[in-house]
Amino acid sequence: MVLHDLDALRFKACYHSNCESATISELQLETTKDDQINGDSYTATSVEMCQCPPPYTGLSCQQCAPGYHRVNSGRYLGACVPCNCNGHSGSCDPATGICFDCQHDTVGEHCEFCREGFYGDATTGGPYSCMPCACPMATDANNFAISCQACLFFIVSEAGLLQSCLCKEGYTSDHCERCDVGYYGDPTAMGGSCQKCDCSENNDLSIDGSCHPVSGDCDLCLNNTGGTHCEQCKSWYYGDALVAKNCTGEEAILLNVEFANLILILDSDSGYFSTTGHSSDASKNNALQNVPAISVVAQCATTDPDDANAIQT
């Protein structure tokens with residue numbers, strides 16, 4: 001047995017029951033370290049240097065060698081046993097046995113699991129214990145599975161194996177080859193992926209049809225909004241579609257007027273529209289006077305249908 005992890009040395013200084021004091025003098029304690037000799041040091045010839053068996057290392061074989069860890073069994077400090085990394089790592093923590101740097105697409109304290117996007121049995125120990133999921137492709141760029149399972153067809157076909165994929169968020173279908181509701185893209189294209197639809201938070205992306213699964217164009221816009229990304233107030237509405245989300249049409253005015261040569265003139269002082277031209281219907285002329293200049297659209301029909309146009313402010 002050797003001294004290990006020494007914290008203190010205690011000496012009995014008094015051997016009588018009525019001893020009041022004791023003194024220790026000329027006490028020396030030498031320490032050594034495994035280092036090159038320099039001008040201020042000398043070789044400690046009295047320190048043992050053991051030839052250790054494979055599981056152990058250190059001057060007195062007091063440490064576990066690389067690839068081994070200590071267990072609380074056996075004599076004294078316990079025994080050093082090989083790291084249990086299922087053949088996927090050659091090193092582990094010498095105290096806990098937790099494996100370092102798992103290889104072959106494995107993870108876990110003992111490299112006992114396949115990493116995300118791979119399937120198989122990591123405990124078999126081979127370099128090909130874990131294989132990539134073809135969800136939809138067996139490449140890192142186009143593998144969108146958390147995990148998958150492979151099973152034989154009941155009737156073996158040329159494909160041989162059928163994989164059932166557990167897809168990451170945003171992907172769906174048997175092989176994660178389609179974007180889920182609220183996402184868009186093309187996972188089957190090399191390097192392609194699914195991105196969350198950007199609809200300016202103006203629709204419910206959990207509803208099927210809220211955005212196009214390939215282009216990402218938004219639909220079913222709420223809050224009186226429209227546009228490719230529900231980013232603007234829809235026709236006849238005004239306000240802030242992005243921040244305040246207060247598109248309203250309460251003060252919008254639609255004028256359907258049928259007469260020739262209508263011109264709307266904005267009076268900058270009063271903020272009202274006035275008109276030139278006239279209609280055969282006097283009531284329409286009166287209605288066009290003093291129209292508030294708030295989102296006004298006049299649809300004008302001329303005597304020539306080809307010249308019909310709309311004026312929007």
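Residues numbered from 1 in each chain as written. Predicted model: local features only at pLDDT ≥ 70, side-chain atom pairs only at ≥ 80, totals over all residues. Heavy atoms only, no water.

Draft legend 1. Local environment of the overall build of the protein. What the protein contains, in helices and strands, is one helix and 22 strands. Across the 313 residues of the protein, 26% fall into the buried class. In the protein, once contacts between residues fewer than 6 apart in sequence are set aside, the share between residues at least 24 apart is 29%. By element, 51% of the accessible surface of the protein is carried by carbon and sulfur atoms, the whole surface being about 21,500 Å². (Helix = DSSP H or I, 4+ residues; strand = E, 2+ residues; numbered from the N terminus. Buried < 20%, exposed > 50% of the residue type's maximum accessible area, 1.4 Å probe, protein only. Contact = heavy atoms within 4.5 Å. Areas by Shrake-Rupley, 256 points an atom, 1.4 Å probe, with all protein chains shown as cover.)

Draft legend 2. Structural view of the nonpolar core. If you look at the biggest cluster of nonpolar residues, it comprises 13 residues, and the most contacted ones within it are Cys133, Cys135, Cys148, Cys165, Tyr171 and Cys176. Residue assignment for this core shows that the elements contributing at least two residues are strand 9 (145–152) and strand 10 (161–167). Apart from residues no more than four positions distant in its own chain, Cys165 is found in contact with Ala134, Cys135, Ala145, Ser147, Cys148, Asp174, His175 and Cys176. Cys197, Cys199, Cys211 and Cys218 belong to the second-largest nonpolar core, a separate cluster that totals six residues. (Core = buried A, V, L, I, M, F, W, Y, C linked by side-chain atoms within 4.5 Å.)

Draft legend 3. Local environment of the pattern of salt bridges. Under the definition given, this model contains three salt bridges. Put simply, Lys168 and Glu116 hold a salt bridge, and the shortest N to O gap is 3.7 Å. Of the two residues, Lys168 is situated in the loop between strand 10 and strand 11 (171–172) and Glu116 in the loop between strand 6 (113–114) and strand 7 (118–120); the sequence distance between them amounts to 52 residues. Assessed through its relative accessible area of 48%, Glu116 is described here as partly exposed. Residues participating in the shared-partner salt-bridge network are Asp105, Arg115 and Asp140. (Salt bridge = Lys/Arg side-chain N within 4 Å of Asp/Glu carboxyl O.)

Draft legend 4. Fine view of unusual backbone geometry. At the junction of Cys135 and Pro136, the peptide bond is cis and its omega measures out at 0 degrees in the coordinates. In this fold, Pro136 is placed in the loop between strand 8 (130–132) and strand 9. One non-glycine residue, Glu201, adopts positive backbone phi at about 60 degrees. Inspection of the secondary structure assignment puts Glu201 in the loop between strand 14 (194–196) and strand 15 (225–226).

Draft legend 5. Seen up close, the state of the cysteines. All told, the structure shown has 15 disulfides when counted by the stated rule. Between the sulfur of Cys83 and that of Cys92 lies a disulfide, 1.9 Å long from S to S. Measuring handedness by torsion sign, the sulfur bridge of Cys83 and Cys92 sits at about -70 degrees and is left-handed. No difference in accessibility class separates Cys83 from Cys92, as the two residues are buried. Between the sulfur of Cys102 and that of Cys111 lies a disulfide, 2.0 Å long from S to S. (Disulfide = S-S within 2.5 Å.)

Draft legend 6. Layout of a nonpolar patch on the surface. The grouping of Leu6, Leu9, Phe11, Ile24, Leu27 and Leu29 at the surface amounts to a nonpolar patch, some 670 Å² of accessible area in total. With respect to the helices and strands, Phe11 occurs in the segment before strand 1 (56–57). (Patch = residues over 30% accessible without salt bridge, like charges linked within 9 Å, V, L, I, M, F, W, Y side chains within 5 Å.)

Draft legend 7. Spotlight on the side chain of Thr106. With respect to the helices, strands and loops of the structure, Thr106 is situated in strand 5 (residues 106–107). Reaching out from Thr106, the side chain makes a polar contact with the backbone oxygen of Gln103 at a distance of 2.6 Å. Aside from chain neighbours lying at most four places away, what touches Thr106 is His88, Cys111, Phe113, Cys114, Arg115, Ala122 and Cys130. (Polar contact = N/O pair within 3.5 Å; in protein donor to acceptor, adjacent residues only side chain to side chain.)

Draft legend 8. How the structure looks around the environment of Pro66. Note that Pro66 resides in the loop between strand 2 (63–64) and strand 3 (68–71). Each C-alpha atom of the pair Pro66 and Pro55 lies 8.1 Å from the other, and the pair is 11 residues apart in sequence.

Draft legend 9. Spatial organisation of the packing of aromatic side chains. Tallied over the entire structure, the rule returns one aromatic pair. Ring geometry for Phe144 against Tyr171: centres 4.2 Å apart, planes inclined by 10 degrees, an arrangement best described as stacked. With a gap of 27 residues between them, Phe144 in the loop between strand 8 and strand 9 and Tyr171 in strand 11 connect regions that are remote in the sequence. Accessibility classification places Phe144 together with Tyr171 in one group, the buried group. (Phe/Tyr/Trp six-rings, centres within 6.5 Å; stacked < 30°, edge-to-face > 60°.)

Draft legend 10. Fine view of the confidence of the model for the protein. Within the protein, residue pLDDT values average 78, and 68% of them lie at 70 or more. Ranking the elements of the protein by mean pLDDT puts strand 21 (residues 296–300) last with 38 and strand 13 (residues 183–185) first with 98. Low pLDDT (under 50) marks residues 152–160, which in the prediction has six contacts with non-local residues, meaning those over four places away or in another chain. Counted against residues more than four places away or in other chains, residues 251–261, with its pLDDT under 50, gives 37 contacts. (pLDDT = per-residue confidence, 0-100.)

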